[in-house]
Each structure stands twice: as C-alpha cells, then as structure tokens.
Amino acid sequence: MSPAETGAVEEPSAELPAVAPQLRALRRRASLTLEVASRAAGLSPAHLSRLETGRRQPSLPMLLALARIYGTTVSELLGETVAERDAIVRAADMEPTGAGGWTYWQAGASGRGMQALRVHVPYGSQGDIVRVHPGEEWLYVLKGRLRLRLGDTAHVLAPGDSAHFDSLTPHRIAADDRGGAELLFVHTLLQSPTAALCLGPATGHPTSGETP
C-alpha cells in the first residue's frame, strides 16, 4: 500500500471533512515542515498542501503512510473518537471508512504501538512505487486473492494465508481478483515521527492489477 502519488483517483474532500485540519495539526505537532513530511510520504509539497487545505482527498495508503510518519493512527487523522486503551473492539462499532477506493474498518484501539485494520483492497494498478520504511507488518487474507511483492519475489496469497515481514523489505500489495481482496492488516507505528520513509521504483515489471 503505497503513499505515493500513483495516479489513484482523488475526490474532493467533502467525504472526509475532518481530515484536512487534522493533517495540518498533526504535522505541526510532530514538528515537521511541509517539505520534510511530503518527502517522507512520497508526495510533492504542493500535493500535501492540497490535502491539508481540503482541495484533495487522500487515499487510504496515503493516510496509512502519514499516520506512520506522525506517530498516530488513521482514526486520529480522520478526527474519529476511539476509546482509549479499550481491549475489546465490538463488530458493531467497526464503521467502514472509504478513502481513494480503499475501505477500512478500525480493528484496534488507539494509544498502542501497533495499528490494526480490516482492509478492502481494490483491484487495479497504482504504479511502480514500492514502500520501504522502519517497522513490521502482518497481514491475513480473509477473502479474495492478494498479490504481495517482497523485494524481487511475488507471492499470491489465498484466503487463510498470511505474511509477516520487516517493512524495510521493499513491498507492495494488490488485489489479484477484480472483486478486490479483504484482509486483516497490522503495522507498527513509528516511535519517532521524524523517522524517514524511503520510496523507490519497483524492481522488475508489475503484474496487471498490481498496486504498490
């Protein structure tokens, strides 16, 4: 899931009214300039500025990257209220949120060192950008087939398959079926909001339908 500007369709921010002011406030709380934060997220300063002023709506991969950079969660970026340190998350409380064609359900509480999400990954290529950053990621496929590229190796995961990997390994995921894929996704938040994310071109040629 790449935060880079990869051609994904972005709609006006009316669907996520809280995200623009939260993006700016959390960036300032992390003491990051527009230039530093945008470079870490693989965006141009002008693009991040448009997100912060509400002229563009970020995709879920962008929100995940910015949350990691700012040491927070997607829920806080969206201004959602989540019970602090609640060990139980009821299914009835998992409201779906859409962003740039991706859909997620918050599956964990805030104030933790990891963020847990249930994610619907849409089908369709989003470019050749891969992600490289500190931390770990774990995912478990619930529905559909998922294409996962780790370094130079591509894997196709079926329902019931999982992956646990170091996020410093260049990686990207994509739904392998036109109906998309659904997965459980857990990732560590950066301990320091100034830790850098490194983005680069994927090795080799992407497979049809593959996203970063």
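(A) Here's a closer look at the overall build of the chain. Across its full length, the chain holds five helices and 11 strands. When each of the 212 residues of the chain is scored for burial, the buried share is 47%.

(B) Representation of the packing of aromatic side chains. Throughout the structure, instances matching the rule amount to one aromatic pair. The ring of W105 carries R118 above its face, with NZ or CZ at 4.0 Å from the centroid.

(C) Main features of helix α4 (residues 60–70). With 11 of its 11 residues buried, α4 lies for the most part within the structure. Those residues of α4 that sit buried are L60, P61, M62, L63, L64, A65, L66, A67, R68, I69 and Y70.

(D) Local environment of the sheet that holds strand β1 (residues 97–99). With respect to topology, six strands assemble into an open sheet ordered β1-β2-β3-β10-β5-β8, the strand pairing being antiparallel. Only two strands of the sheet have a single partner each, and these edge strands are β1 and β8 (162–166). Sheet twist, expressed as the average angle between the axes of neighbouring strands with direction ignored, equals 25 degrees. Both strand β2 (residues 102–106) and strand β3 (residues 114–121) contribute to a ladder of four bridges, which runs antiparallel. Bridge pairing in β3 links W105 to R118.

(E) Layout of the packing of helix α2 (residues 34–41) against helix α3 (residues 45–52). Two elements in contact, α2 and α3, have axes whose closest approach is 8 Å; the angle formed by their N-to-C orientations is 100 degrees. Between α2 and α3, the crossing angle belongs to the class labelled roughly perpendicular. Contacts between α2 and α3 involve L34, E35, A37 and S38 from the former and P45, L48, S49 and E52 from the latter. For the contact of α2 with α3, the class distribution of residues is four nonpolar, two polar and two charged.

(F) How the structure looks around the pairing of strand β10 (residues 181–188). In terms of burial, β10 is a largely internal element, six of the eight residues being buried. Two elements, β3 and β10, share eight bridges in a ladder whose sense is antiparallel. The residue of β10 that forms the bridge with H120 is E182.

(G) A look at the pattern of salt bridges. On inspection of all chains with the given rule, the structure shows six salt bridges. Residues R145 and D176 are paired through a salt bridge, measuring 3.1 Å at the closest nitrogen-oxygen approach. Of this pair, R145 sits in the loop between β5 (136–143) and β6 (146–150) while D176 sits in the loop between β9 (171–175) and β10, placing them 31 residues apart in sequence. A residue is classified by how much of its surface remains accessible, and R145, at 38% relative accessible area, is partly exposed.

(H) Representation of the packing of α3 against α4 in the model. Packing of α3 against α4 leaves a shortest axis separation of 14 Å and a crossing angle of 95 degrees. One element, α3, and the other, α4, form an angle in the roughly perpendicular class. Seen from α3, the contacting residues are H47, L48, L51 and E52; seen from α4, they are M62, L66 and Y70. Split by residue class, the contact of α3 with α4 holds five nonpolar, one polar and one charged.

(I) Looking closely at the confidence of the model for the chain. With 72% of its residues at a pLDDT of 70 or more, the chain has an overall mean of 75. Segment residues 1–14: pLDDT under 50, and 48 contacts once partners within four positions in sequence are set aside and those in other chains are kept. Note that residues 191–212 has pLDDT below 50 and, in this model, 69 contacts with residues that lie over four places away or in other chains.

Thresholds, definitions, all that
- Each chain carries its own residue numbering, running from 1 in the written order of its sequence.
- The predicted nature of this model means local features are confined to residues of pLDDT at least 70 and side-chain atom pairs, given and counted, to a pLDDT of 80 or more, with totals for whole chains, interfaces and linings taken over all residues.
- Side-chain calculation: all heavy atoms of the structure are included, whereas hydrogens and water are not.
- Each helix corresponds to a stretch of at least 4 residues labelled H or I by DSSP, and each strand to a stretch of at least 2 residues labelled E; elements are numbered beginning at the N terminus.
- Any residue under 20% of the maximum accessible area for its type is buried, any over 50% is exposed, and the rest in between are partly exposed; the area is computed with a 1.4 Å probe on protein chains only.
- Only rings of Phe, Tyr and Trp enter the pairing, Trp through its six-membered ring, and a pair is recorded when the two centres are within 6.5 Å. The plane angle decides the type: under 30 degrees is stacked, over 60 is edge-to-face, the rest tilted.
- The criterion is that NZ of a Lys, or CZ of an Arg, lies within 6 Å of the ring centre and within 35 degrees of the ring normal, and then a charge sits over that ring.
- For two strands to be treated as a pair, DSSP must find at least two bridges joining them.
- The convention used is that axes are lines fitted to C-alpha atoms, helices contributing only their stretch in contact, and that angles between N-to-C directions extend from 0 to 180 degrees.
- Oblique is the label for any angle not covered by the other classes, which are roughly parallel (under 35 degrees), roughly antiparallel (over 145) and roughly perpendicular (65 to 115).
- The criterion used for residue contact is that any of the two residues' heavy atoms lie within 4.5 Å.
- Just so you know the grouping, Ala, Val, Leu, Ile, Met, Phe, Trp, Tyr, Cys and Pro go in nonpolar, Asp, Glu, Lys and Arg go in charged, and all remaining residues, Gly too, go in polar.
- We count a salt bridge whenever a side-chain nitrogen from Lys or Arg sits within 4 Å of a carboxyl oxygen from Asp or Glu.
- Per residue, pLDDT captures the predictor's confidence, and it can take any value from 0 to 100.

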